[in-house]
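# Fold and geometry: a report
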Amino acid sequence: MHVSIVGSGYVGTTVAACLADLGHDVVNIEIDEGIVETINAGEAPIHESGLEERIAEHAGTNLRATSDYAAVRDTDVTFLCLPTPQADDGSLDLAIMQAGSESLGRALAEKDDDHLVVVKSTVLPGTTEDVVGPILEEESGKRIGSGLELAMNPEFLRMGTAVSDFLEPDKVVVGATSEGAAATLRELYSPIIAREGTDLVETDIREAELIKYANNAFLASKVSLVNELGNIAKEYAADAYEVLEAVGLDDRISARFMRSGLGWGGSCFPKDVDALRAGARDQGYDPALLDAVVAVNDAQPQRLVDLLENHVSLEGAHIAVLGLSFKPGTDDIRKSRALDVLEHLDARGARPVAYDPVAVENVREKHPDLEVEYADSAAAALEGADGAVVATDWPEFDELTFDGMAKRVVVDGRRIDVDEADLEVYEGLTW
Ligand SMILES: NC(=O)C1=CN([C@@H]2O[C@H](COP(=O)(O)OP(=O)(O)OC[C@H]3O[C@@H](n4cnc5c(N)ncnc54)[C@H](O)[C@@H]3O)[C@@H](O)[C@H]2O)C=CC1
Ligand SMILES: O=C(O)[C@H]1O[C@H](OP(=O)(O)OP(=O)(O)OC[C@H]2O[C@@H](n3ccc(=O)[nH]c3=O)[C@H](O)[C@@H]2O)[C@H](O)[C@@H](O)[C@@H]1O
(Lines give C-alpha, C1' and ligand atoms only; values in the text may rest on other atoms or scores of the structure.)
(Ligands and ions follow the chains in the order given, each with its own letter.)
Protein backbone atom coordinates (compact mmCIF):
# COMPACT_ATOMS: atom_id res chain seq x y z
CA MET A 1 0.00 0.00 0.00
CA HIS A 2 1.16 3.60 -0.60
CA VAL A 3 1.22 5.45 2.71
CA SER A 4 2.01 9.05 3.68
CA ILE A 5 2.78 10.05 7.24
CA VAL A 6 2.49 13.67 8.33
CA GLY A 7 4.90 14.52 11.14
CA SER A 8 8.12 12.63 11.62
CA GLY A 9 8.81 12.74 15.33
CA TYR A 10 8.85 9.77 17.75
CA VAL A 11 5.62 8.30 16.43
CA GLY A 12 5.72 9.30 12.74
CA THR A 13 9.29 8.13 12.18
CA THR A 14 8.73 4.84 13.98
CA VAL A 15 5.46 4.14 12.15
CA ALA A 16 7.03 5.04 8.78
CA ALA A 17 10.08 2.82 9.24
CA CYS A 18 8.00 -0.10 10.53
CA LEU A 19 5.38 0.15 7.76
CA ALA A 20 8.24 0.24 5.22
CA ASP A 21 9.61 -2.86 6.91
CA LEU A 22 6.22 -4.54 6.43
CA GLY A 23 6.58 -3.90 2.68
CA HIS A 24 4.53 -0.72 2.23
CA ASP A 25 5.71 2.23 0.19
CA VAL A 26 6.01 5.11 2.67
CA VAL A 27 6.65 8.85 2.50
CA ASN A 28 7.12 11.06 5.57
CA ILE A 29 5.92 14.66 5.28
CA GLU A 30 7.73 16.83 7.79
CA ILE A 31 8.22 20.60 8.10
CA ASP A 32 11.66 20.28 9.70
CA GLU A 33 14.10 20.09 6.75
CA GLY A 34 16.82 18.68 9.00
CA ILE A 35 14.62 15.64 9.75
CA VAL A 36 13.76 15.27 6.04
CA GLU A 37 17.46 15.23 5.11
CA THR A 38 18.32 12.82 7.93
CA ILE A 39 15.74 10.26 6.83
CA ASN A 40 16.66 10.58 3.15
CA ALA A 41 20.31 10.03 4.13
CA GLY A 42 19.21 6.71 5.66
CA GLU A 43 19.64 7.86 9.26
CA ALA A 44 17.26 8.07 12.23
CA PRO A 45 16.27 11.54 13.50
CA ILE A 46 15.57 10.08 16.96
CA HIS A 47 17.26 7.43 19.04
CA GLU A 48 15.16 4.24 19.24
CA SER A 49 16.40 0.70 19.28
CA GLY A 50 15.89 -0.98 15.87
CA LEU A 51 15.01 2.27 14.07
CA GLU A 52 18.35 3.23 12.53
CA GLU A 53 18.80 -0.10 10.75
CA ARG A 54 15.24 -0.07 9.39
CA ILE A 55 15.62 3.46 8.01
CA ALA A 56 19.05 2.58 6.56
CA GLU A 57 17.54 -0.47 4.84
CA HIS A 58 14.47 1.22 3.34
CA ALA A 59 15.49 4.85 2.69
CA GLY A 60 15.77 5.47 -1.04
CA THR A 61 13.69 2.41 -1.90
CA ASN A 62 10.31 2.25 -0.15
CA LEU A 63 10.87 5.02 2.43
CA ARG A 64 11.52 8.70 1.81
CA ALA A 65 10.82 12.06 3.39
CA THR A 66 9.78 15.44 2.02
CA SER A 67 8.43 18.76 3.22
CA ASP A 68 6.05 18.93 0.25
CA TYR A 69 2.46 17.89 1.03
CA ALA A 70 1.91 17.21 -2.69
CA ALA A 71 3.46 13.80 -1.98
CA VAL A 72 0.18 12.68 -0.39
CA ARG A 73 -1.41 12.58 -3.83
CA ASP A 74 0.66 9.51 -4.77
CA THR A 75 -0.57 7.64 -1.68
CA ASP A 76 -3.81 5.87 -0.67
CA VAL A 77 -3.76 6.68 3.03
CA THR A 78 -2.31 9.45 5.21
CA PHE A 79 -1.57 9.14 8.94
CA LEU A 80 -1.52 12.36 10.97
CA CYS A 81 1.24 11.95 13.57
CA LEU A 82 1.42 15.57 14.65
CA PRO A 83 2.03 16.83 18.19
CA THR A 84 -0.99 17.51 20.41
CA PRO A 85 0.57 19.58 23.20
CA GLN A 86 -1.04 21.22 26.23
CA ALA A 87 -2.13 24.83 26.39
CA ASP A 88 -1.04 26.80 29.49
CA ASP A 89 -4.23 25.76 31.31
CA GLY A 90 -3.51 22.07 30.68
CA SER A 91 -6.14 21.66 27.97
CA LEU A 92 -5.48 20.11 24.57
CA ASP A 93 -3.96 22.54 22.06
CA LEU A 94 -5.06 21.60 18.54
CA ALA A 95 -3.33 24.41 16.62
CA ILE A 96 -0.73 22.11 15.03
CA MET A 97 -3.35 19.50 14.12
CA GLN A 98 -5.45 22.22 12.52
CA ALA A 99 -2.50 23.60 10.52
CA GLY A 100 -1.48 20.11 9.36
CA SER A 101 -5.08 19.26 8.40
CA GLU A 102 -5.31 22.45 6.34
CA SER A 103 -2.12 21.65 4.42
CA LEU A 104 -3.27 18.07 3.90
CA GLY A 105 -6.74 19.15 2.72
CA ARG A 106 -5.25 21.62 0.23
CA ALA A 107 -2.98 18.92 -1.19
CA LEU A 108 -5.90 16.47 -1.47
CA ALA A 109 -7.95 19.01 -3.45
CA GLU A 110 -5.85 18.05 -6.46
CA LYS A 111 -6.16 14.29 -6.00
CA ASP A 112 -8.73 12.47 -8.13
CA ASP A 113 -8.74 9.05 -6.44
CA ASP A 114 -10.25 8.20 -3.06
CA HIS A 115 -8.16 8.91 0.01
CA LEU A 116 -8.21 7.77 3.65
CA VAL A 117 -7.00 10.12 6.40
CA VAL A 118 -6.15 8.46 9.72
CA VAL A 119 -5.59 10.45 12.92
CA LYS A 120 -2.89 8.71 14.96
CA SER A 121 -2.12 11.64 17.27
CA THR A 122 -3.67 11.49 20.73
CA VAL A 123 -6.83 13.64 20.56
CA LEU A 124 -9.95 13.99 22.69
CA PRO A 125 -13.25 12.47 21.54
CA GLY A 126 -14.82 14.52 18.79
CA THR A 127 -11.57 15.98 17.45
CA THR A 128 -11.28 13.70 14.41
CA GLU A 129 -14.89 14.15 13.27
CA ASP A 130 -15.59 17.71 14.47
CA VAL A 131 -12.21 19.43 13.91
CA VAL A 132 -10.00 17.47 11.48
CA GLY A 133 -12.85 16.27 9.22
CA PRO A 134 -14.45 19.69 8.57
CA ILE A 135 -11.02 21.26 7.83
CA LEU A 136 -10.24 18.50 5.33
CA GLU A 137 -13.62 18.94 3.66
CA GLU A 138 -13.28 22.71 3.51
CA GLU A 139 -9.75 22.70 2.08
CA SER A 140 -10.13 19.76 -0.32
CA GLY A 141 -13.63 20.49 -1.54
CA LYS A 142 -14.38 16.77 -1.03
CA ARG A 143 -16.97 15.21 1.26
CA ILE A 144 -16.31 12.55 3.86
CA GLY A 145 -18.02 9.41 2.65
CA SER A 146 -17.55 10.38 -0.98
CA GLY A 147 -13.92 10.31 -2.11
CA LEU A 148 -12.61 11.04 1.37
CA GLU A 149 -12.65 8.69 4.39
CA LEU A 150 -11.72 9.38 8.00
CA ALA A 151 -10.44 7.03 10.72
CA MET A 152 -8.72 7.16 14.09
CA ASN A 153 -5.98 4.72 15.06
CA PRO A 154 -4.33 5.57 18.40
CA GLU A 155 -0.75 4.56 19.13
CA PHE A 156 0.42 2.82 22.31
CA LEU A 157 4.18 2.60 21.75
CA ARG A 158 6.57 3.57 24.54
CA MET A 159 9.71 5.59 24.08
CA GLY A 160 12.76 3.37 24.27
CA THR A 161 10.88 0.33 22.92
CA ALA A 162 8.96 2.09 20.15
CA VAL A 163 9.81 -0.28 17.27
CA SER A 164 9.02 -3.53 19.07
CA ASP A 165 5.91 -1.98 20.69
CA PHE A 166 4.64 -0.95 17.25
CA LEU A 167 5.39 -4.26 15.54
CA GLU A 168 4.25 -6.48 18.43
CA PRO A 169 1.43 -4.60 20.17
CA ASP A 170 -1.17 -6.04 22.56
CA LYS A 171 -3.84 -4.42 20.41
CA VAL A 172 -4.48 -2.44 17.26
CA VAL A 173 -7.41 -0.07 17.70
CA VAL A 174 -9.23 1.01 14.54
CA GLY A 175 -11.93 3.65 14.87
CA ALA A 176 -13.83 4.11 11.64
CA THR A 177 -17.31 5.02 10.47
CA SER A 178 -17.10 3.28 7.11
CA GLU A 179 -16.37 -0.35 6.35
CA GLY A 180 -14.03 0.78 3.53
CA ALA A 181 -11.79 2.70 5.96
CA ALA A 182 -11.71 -0.20 8.43
CA ALA A 183 -10.90 -2.66 5.62
CA THR A 184 -7.98 -0.50 4.41
CA LEU A 185 -6.50 -0.40 7.92
CA ARG A 186 -7.01 -4.14 8.40
CA GLU A 187 -5.08 -4.74 5.18
CA LEU A 188 -2.33 -2.29 6.11
CA TYR A 189 -1.81 -3.91 9.51
CA SER A 190 -2.46 -7.50 8.39
CA PRO A 191 0.97 -8.95 9.38
CA ILE A 192 0.67 -7.34 12.85
CA ILE A 193 -2.96 -8.31 13.40
CA ALA A 194 -2.17 -11.88 12.34
CA ARG A 195 0.32 -12.29 15.22
CA GLU A 196 -0.66 -14.30 18.23
CA GLY A 197 -1.00 -11.90 21.15
CA THR A 198 -2.28 -8.92 19.15
CA ASP A 199 -6.00 -8.15 19.31
CA LEU A 200 -7.78 -6.07 16.70
CA VAL A 201 -10.34 -3.71 18.23
CA GLU A 202 -12.75 -2.18 15.75
CA THR A 203 -14.90 0.61 17.03
CA ASP A 204 -16.32 4.04 16.25
CA ILE A 205 -14.03 7.05 16.09
CA ARG A 206 -14.99 8.56 19.48
CA GLU A 207 -14.32 5.31 21.30
CA ALA A 208 -10.94 4.94 19.58
CA GLU A 209 -10.00 8.48 20.66
CA LEU A 210 -11.05 7.82 24.24
CA ILE A 211 -9.40 4.37 24.44
CA LYS A 212 -6.02 6.10 24.14
CA TYR A 213 -6.71 8.54 27.00
CA ALA A 214 -8.29 5.83 29.13
CA ASN A 215 -5.23 3.65 28.59
CA ASN A 216 -2.80 6.37 29.66
CA ALA A 217 -5.04 7.55 32.51
CA PHE A 218 -5.27 3.97 33.78
CA LEU A 219 -1.51 3.44 33.72
CA ALA A 220 -0.77 6.82 35.33
CA SER A 221 -3.40 6.08 37.99
CA LYS A 222 -1.91 2.67 38.62
CA VAL A 223 1.50 4.22 39.27
CA SER A 224 -0.03 6.89 41.51
CA LEU A 225 -1.93 4.20 43.41
CA VAL A 226 1.23 2.15 43.94
CA ASN A 227 2.93 5.35 45.06
CA GLU A 228 0.19 6.09 47.55
CA LEU A 229 0.30 2.50 48.82
CA GLY A 230 4.09 2.83 48.91
CA ASN A 231 3.90 6.02 50.97
CA ILE A 232 1.57 4.24 53.40
CA ALA A 233 3.89 1.21 53.46
CA LYS A 234 6.78 3.50 54.36
CA GLU A 235 4.82 4.92 57.32
CA TYR A 236 4.34 1.35 58.57
CA ALA A 237 8.03 0.52 57.95
CA ALA A 238 6.90 -2.05 55.39
CA ASP A 239 8.49 -2.70 51.98
CA ALA A 240 6.06 -1.64 49.23
CA TYR A 241 7.92 -3.69 46.63
CA GLU A 242 7.35 -6.91 48.54
CA VAL A 243 3.74 -5.97 49.16
CA LEU A 244 3.01 -5.08 45.54
CA GLU A 245 4.84 -8.08 44.14
CA ALA A 246 2.34 -10.22 46.01
CA VAL A 247 -0.58 -8.02 44.96
CA GLY A 248 0.55 -8.30 41.31
CA LEU A 249 0.12 -12.08 41.42
CA ASP A 250 -3.61 -11.43 41.21
CA ASP A 251 -4.44 -11.76 37.49
CA ARG A 252 -7.01 -9.01 37.77
CA ILE A 253 -4.27 -6.57 38.78
CA SER A 254 -1.09 -7.77 36.95
CA ALA A 255 2.51 -7.33 38.00
CA ARG A 256 3.35 -4.64 35.46
CA PHE A 257 3.50 -0.90 36.22
CA MET A 258 3.89 -1.64 39.92
CA ARG A 259 7.17 0.20 40.55
CA SER A 260 6.57 2.80 43.22
CA GLY A 261 8.85 5.77 43.82
CA LEU A 262 9.32 9.19 42.30
CA GLY A 263 6.32 8.97 39.97
CA TRP A 264 5.54 9.38 36.30
CA GLY A 265 6.86 11.96 33.85
CA GLY A 266 7.51 12.14 30.13
CA SER A 267 5.84 13.74 27.14
CA CYS A 268 2.61 11.77 27.39
CA PHE A 269 1.17 10.80 30.78
CA PRO A 270 1.29 14.36 32.19
CA LYS A 271 -0.19 16.02 29.10
CA ASP A 272 -2.76 13.32 28.41
CA VAL A 273 -4.04 13.11 31.99
CA ASP A 274 -4.27 16.92 32.08
CA ALA A 275 -6.07 17.06 28.71
CA LEU A 276 -8.57 14.43 29.86
CA ARG A 277 -9.20 16.31 33.13
CA ALA A 278 -9.69 19.59 31.24
CA GLY A 279 -11.90 17.86 28.67
CA ALA A 280 -14.01 16.23 31.39
CA ARG A 281 -14.51 19.62 33.07
CA ASP A 282 -15.55 21.10 29.73
CA GLN A 283 -18.19 18.38 29.52
CA GLY A 284 -19.40 19.31 33.02
CA TYR A 285 -17.83 16.35 34.87
CA ASP A 286 -15.49 16.83 37.82
CA PRO A 287 -12.68 14.20 37.50
CA ALA A 288 -11.91 13.96 41.23
CA LEU A 289 -9.95 10.73 41.01
CA LEU A 290 -7.70 11.94 38.15
CA ASP A 291 -7.09 15.17 40.09
CA ALA A 292 -5.87 13.05 43.00
CA VAL A 293 -3.73 10.91 40.66
CA VAL A 294 -1.86 14.06 39.64
CA ALA A 295 -1.64 15.38 43.21
CA VAL A 296 -0.04 12.14 44.45
CA ASN A 297 2.40 12.22 41.54
CA ASP A 298 3.34 15.85 42.13
CA ALA A 299 4.08 15.26 45.82
CA GLN A 300 6.66 12.47 45.35
CA PRO A 301 9.73 14.62 44.50
CA GLN A 302 9.21 16.73 47.62
CA ARG A 303 8.79 13.58 49.73
CA LEU A 304 12.14 12.35 48.41
CA VAL A 305 13.90 15.58 49.36
CA ASP A 306 12.16 15.61 52.79
CA LEU A 307 13.50 12.11 53.38
CA LEU A 308 17.01 13.22 52.48
CA GLU A 309 16.71 16.23 54.78
CA ASN A 310 16.03 13.88 57.70
CA HIS A 311 19.67 12.77 57.36
CA VAL A 312 21.53 15.70 55.78
CA SER A 313 21.37 19.41 56.49
CA LEU A 314 20.75 20.64 52.95
CA GLU A 315 21.94 24.26 53.16
CA GLY A 316 25.22 24.33 51.20
CA ALA A 317 25.36 20.52 50.98
CA HIS A 318 26.79 18.79 47.92
CA ILE A 319 24.03 16.41 46.79
CA ALA A 320 24.59 13.94 43.95
CA VAL A 321 21.52 13.59 41.72
CA LEU A 322 21.65 10.31 39.82
CA GLY A 323 19.55 10.37 36.64
CA LEU A 324 17.79 13.20 34.79
CA SER A 325 15.73 11.54 32.03
CA PHE A 326 12.05 10.75 32.74
CA LYS A 327 12.82 7.04 32.52
CA PRO A 328 15.86 4.94 31.59
CA GLY A 329 16.68 4.28 27.93
CA THR A 330 15.91 7.81 26.70
CA ASP A 331 17.42 11.30 26.80
CA ASP A 332 13.92 12.78 27.03
CA ILE A 333 13.59 15.06 30.06
CA ARG A 334 10.08 16.39 29.46
CA LYS A 335 8.26 16.51 32.82
CA SER A 336 10.99 14.38 34.32
CA ARG A 337 10.56 14.05 38.09
CA ALA A 338 14.33 14.63 38.36
CA LEU A 339 13.77 18.28 37.41
CA ASP A 340 11.35 18.70 40.33
CA VAL A 341 13.91 17.10 42.65
CA LEU A 342 16.51 19.64 41.45
CA GLU A 343 14.11 22.50 42.11
CA HIS A 344 13.35 21.30 45.64
CA LEU A 345 17.06 20.88 46.37
CA ASP A 346 17.77 24.37 45.04
CA ALA A 347 14.93 25.86 47.12
CA ARG A 348 16.52 24.39 50.25
CA GLY A 349 19.95 25.80 49.49
CA ALA A 350 21.61 22.51 48.46
CA ARG A 351 24.32 22.33 45.79
CA PRO A 352 23.21 19.58 43.39
CA VAL A 353 25.74 17.81 41.18
CA ALA A 354 23.85 15.78 38.57
CA TYR A 355 24.79 12.89 36.35
CA ASP A 356 22.87 11.12 33.59
CA PRO A 357 24.36 8.89 30.89
CA VAL A 358 22.54 10.70 28.03
CA ALA A 359 20.27 13.52 29.23
CA VAL A 360 22.70 16.15 30.59
CA GLU A 361 22.90 18.14 27.33
CA ASN A 362 19.10 18.34 27.13
CA VAL A 363 18.83 19.74 30.65
CA ARG A 364 21.64 22.21 30.02
CA GLU A 365 19.95 23.42 26.84
CA LYS A 366 16.29 23.46 27.96
CA HIS A 367 16.72 24.53 31.60
CA PRO A 368 19.66 26.94 31.54
CA ASP A 369 18.39 28.63 34.73
CA LEU A 370 18.59 25.51 36.92
CA GLU A 371 21.20 25.86 39.66
CA VAL A 372 23.08 22.62 39.08
CA GLU A 373 26.56 21.36 38.27
CA TYR A 374 26.98 18.41 35.92
CA ALA A 375 29.35 15.49 36.33
CA ASP A 376 30.73 13.14 33.64
CA SER A 377 30.08 10.01 35.63
CA ALA A 378 28.07 8.83 38.61
CA ALA A 379 31.34 8.36 40.52
CA ALA A 380 32.30 11.99 39.81
CA ALA A 381 28.88 13.23 41.01
CA LEU A 382 29.24 11.17 44.20
CA GLU A 383 32.84 12.24 44.92
CA GLY A 384 32.81 14.27 48.15
CA ALA A 385 28.98 14.33 48.28
CA ASP A 386 27.10 14.82 51.54
CA GLY A 387 24.21 12.76 50.20
CA ALA A 388 22.77 11.31 47.01
CA VAL A 389 19.33 10.87 45.49
CA VAL A 390 18.39 8.40 42.75
CA ALA A 391 15.94 9.94 40.29
CA THR A 392 16.08 7.57 37.27
CA ASP A 393 16.57 3.80 37.34
CA TRP A 394 19.40 3.53 34.80
CA PRO A 395 20.77 -0.05 34.94
CA GLU A 396 24.34 1.24 35.39
CA PHE A 397 23.35 2.59 38.84
CA ASP A 398 22.98 -1.02 40.02
CA GLU A 399 26.78 -1.33 39.83
CA LEU A 400 27.59 1.79 41.89
CA THR A 401 29.97 1.99 44.79
CA PHE A 402 29.72 4.91 47.17
CA ASP A 403 33.27 5.01 48.56
CA GLY A 404 34.00 8.57 47.37
CA MET A 405 31.11 10.19 49.27
CA ALA A 406 31.88 12.45 52.23
CA LYS A 407 28.74 11.13 53.94
CA ARG A 408 27.37 7.87 52.57
CA VAL A 409 23.66 8.74 52.62
CA VAL A 410 21.57 7.54 49.68
CA VAL A 411 17.86 8.21 49.26
CA ASP A 412 16.46 6.17 46.39
CA GLY A 413 13.39 7.19 44.38
CA ARG A 414 13.59 4.27 41.94
CA ARG A 415 14.70 1.13 43.80
CA ILE A 416 18.13 0.53 42.29
CA ASP A 417 20.20 -2.43 43.44
CA VAL A 418 22.52 -1.31 46.25
CA ASP A 419 24.54 -3.08 48.87
CA GLU A 420 23.21 -1.36 51.99
CA ALA A 421 26.25 -2.53 53.93
CA ASP A 422 28.30 0.02 51.90
CA LEU A 423 26.21 2.89 53.22
CA GLU A 424 25.68 4.77 56.48
CA VAL A 425 22.08 5.46 55.48
CA TYR A 426 20.03 3.92 52.69
CA GLU A 427 16.38 4.94 52.45
CA GLY A 428 13.92 4.01 49.76
CA LEU A 429 11.09 6.42 49.04
CA THR A 430 8.48 3.70 49.52
CA TRP A 431 10.36 0.90 51.28
N1 LIG B 1 6.05 9.99 21.90
C2 LIG B 1 5.34 8.90 22.20
O3 LIG B 1 5.86 7.97 22.83
C4 LIG B 1 3.89 8.78 21.80
C5 LIG B 1 3.17 9.87 21.30
N6 LIG B 1 1.85 9.75 20.97
C7 LIG B 1 1.10 10.86 20.39
O8 LIG B 1 1.49 10.99 19.01
C9 LIG B 1 1.48 12.36 18.61
C10 LIG B 1 2.85 12.76 18.06
O11 LIG B 1 3.78 12.64 19.12
P12 LIG B 1 5.36 12.62 18.88
O13 LIG B 1 5.69 11.80 17.69
O14 LIG B 1 5.95 12.29 20.20
O15 LIG B 1 5.62 14.16 18.53
P16 LIG B 1 7.00 14.83 18.11
O17 LIG B 1 6.96 16.21 18.62
O18 LIG B 1 8.13 13.91 18.42
O19 LIG B 1 6.90 14.87 16.48
C20 LIG B 1 6.00 15.61 15.74
C21 LIG B 1 6.64 16.04 14.41
O22 LIG B 1 5.67 16.77 13.64
C23 LIG B 1 6.35 17.80 12.93
N24 LIG B 1 5.40 18.82 12.50
C25 LIG B 1 4.86 19.83 13.24
N26 LIG B 1 3.98 20.52 12.50
C27 LIG B 1 3.96 19.94 11.28
C28 LIG B 1 3.23 20.19 10.08
N29 LIG B 1 2.33 21.18 10.00
N30 LIG B 1 3.45 19.41 9.01
C31 LIG B 1 4.35 18.39 9.07
N32 LIG B 1 5.07 18.10 10.17
C33 LIG B 1 4.87 18.87 11.26
C34 LIG B 1 7.38 18.29 13.94
O35 LIG B 1 8.43 18.99 13.29
C36 LIG B 1 7.84 16.97 14.59
O37 LIG B 1 8.95 16.42 13.92
C38 LIG B 1 1.02 13.14 19.85
O39 LIG B 1 -0.37 13.29 19.79
C40 LIG B 1 1.39 12.21 21.00
O41 LIG B 1 0.59 12.42 22.14
C42 LIG B 1 1.20 8.53 21.07
C43 LIG B 1 1.87 7.42 21.55
C44 LIG B 1 3.26 7.47 21.93
O1 LIG C 1 1.03 7.93 25.04
C2 LIG C 1 2.23 7.77 25.06
O3 LIG C 1 2.99 8.56 24.51
C4 LIG C 1 2.85 6.60 25.72
O5 LIG C 1 2.96 6.87 27.16
C6 LIG C 1 3.55 5.83 27.92
O7 LIG C 1 4.86 5.53 27.47
P8 LIG C 1 6.17 6.36 27.95
O9 LIG C 1 5.75 7.72 28.44
O10 LIG C 1 7.14 6.25 26.83
O11 LIG C 1 6.82 5.60 29.18
P12 LIG C 1 6.36 4.57 30.31
O13 LIG C 1 7.26 3.41 30.24
O14 LIG C 1 4.91 4.31 30.27
O15 LIG C 1 6.72 5.39 31.64
C16 LIG C 1 6.04 6.58 31.99
C17 LIG C 1 6.46 7.08 33.34
O18 LIG C 1 5.94 6.22 34.37
C19 LIG C 1 6.98 5.85 35.27
N20 LIG C 1 6.70 4.49 35.80
C21 LIG C 1 6.34 3.48 34.95
C22 LIG C 1 6.09 2.22 35.45
C23 LIG C 1 6.16 1.97 36.83
O24 LIG C 1 5.90 0.85 37.35
N25 LIG C 1 6.50 3.00 37.64
C26 LIG C 1 6.78 4.26 37.15
O27 LIG C 1 7.08 5.18 37.95
C28 LIG C 1 8.27 5.91 34.44
O29 LIG C 1 9.39 6.10 35.27
C30 LIG C 1 7.99 7.11 33.56
O31 LIG C 1 8.33 8.31 34.20
C32 LIG C 1 2.69 4.55 27.74
O33 LIG C 1 3.30 3.46 28.46
C34 LIG C 1 2.57 4.18 26.25
O35 LIG C 1 1.70 3.06 26.10
C36 LIG C 1 1.98 5.38 25.51
O37 LIG C 1 1.90 5.11 24.11
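The chain is annotated in an unreviewed UniProt entry as UDP-glucose 6-dehydrogenase from Natronorubrum tibetense GA33. We quote the UniProt Pathway (unreviewed entry) comment for the chain here in full: "Nucleotide-sugar biosynthesis; UDP-alpha-D-glucuronate biosynthesis; UDP-alpha-D-glucuronate from UDP-alpha-D-glucose: step 1/1."

### Concerning the sheet that holds strand β11 (residues 351-355)
Strand order across the open sheet formed by 6 strands is β12-β11-β10-β13-β14-β15, with parallel pairing between neighbours. At either end of the open sheet lies a strand with only one pairing partner, and these are β12 (373-374) and β15 (425-428). For strand β10 (residues 318-322) and strand β13 (residues 387-390), the ladder comprises 4 bridges, and the chain directions are parallel. Counted as the bridge partner of Leu322 is Val390 from β13.

### Looking at the UniProt feature "domain: UDP-glucose/GDP-mannose dehydrogenase C-terminal" (unreviewed entry) in the chain
Mapped onto this structure's residue numbering, the UniProt feature "domain: UDP-glucose/GDP-mannose dehydrogenase C-terminal" (unreviewed entry) falls at residues 320-418. Along residues 320-418 the backbone is 23% helical and 18% strand, and the end-to-end C-alpha distance reaches 16 Å.

### Side note on the UniProt feature "active site" (unreviewed entry) in the chain
Annotation from UniProt places "active site" (unreviewed entry) at Cys268. By secondary structure assignment, the location of Cys268 is in the loop between α10 (240-247) and α11 (269-282). Cys268 sits in the partly exposed class, given a relative accessible area of 34%. Apart from residues no more than four positions distant in its own chain, Cys268 is found in contact with Asn216 and Val273.

### What about the packing of helix α4 (residues 95-108) against helix α5 (residues 127-140)?
At their nearest, the axes of α4 and α5 sit 7 Å apart, and the two run at 35° to each other. Considering the relative orientation of α4 and α5, their crossing is right-handed. Residues Met97, Gln98, Ser101, Glu102, Leu104, Gly105, Arg106 and Leu108 of α4 pack against Val131, Val132, Ile135, Leu136, Glu139 and Ser140 of α5. Taken together, the residues that form the contact of α4 with α5 break down as 7 nonpolar, 4 polar and 3 charged.

### Let's talk about the nonpolar core
Ile5, Leu19, Phe79 and Leu185 are the most contacted members of the largest nonpolar core, which totals 37 residues. Here this core takes 6 residues from helix α1 (residues 10-21), the largest share from any one element. Discounting residues that sit within four places of it in the chain, Leu19 has contacts with Val3, Ile5, His24, Val26, Phe79, Phe166 and Leu188.

Conventions used here
- Residues numbered from 1 in each chain as written.
- Chains lettered and ligands numbered in written order.
- Predicted model: local features only at pLDDT ≥ 70, side-chain atom pairs only at ≥ 80, totals over all residues.
- Heavy atoms only, no water.
- UniProt positions renumbered as here; feature names shortened; annotations may be inferred.
- Pairing = 2+ DSSP bridges.
- Helix = DSSP H or I, 4+ residues; strand = E, 2+ residues; numbered from the N terminus.
- Buried < 20%, exposed > 50% of the residue type's maximum accessible area, 1.4 Å probe, protein only.
- Contact = heavy atoms within 4.5 Å.
- Axes fitted to C-alpha atoms, helices over the stretch in contact; angles between N-to-C directions.
- Left-handed = near helix turned anticlockwise from the far one by under 90°.
- Nonpolar A, V, L, I, M, F, W, Y, C, P; charged D, E, K, R; others polar.
- Core = buried A, V, L, I, M, F, W, Y, C linked by side-chain atoms within 4.5 Å.

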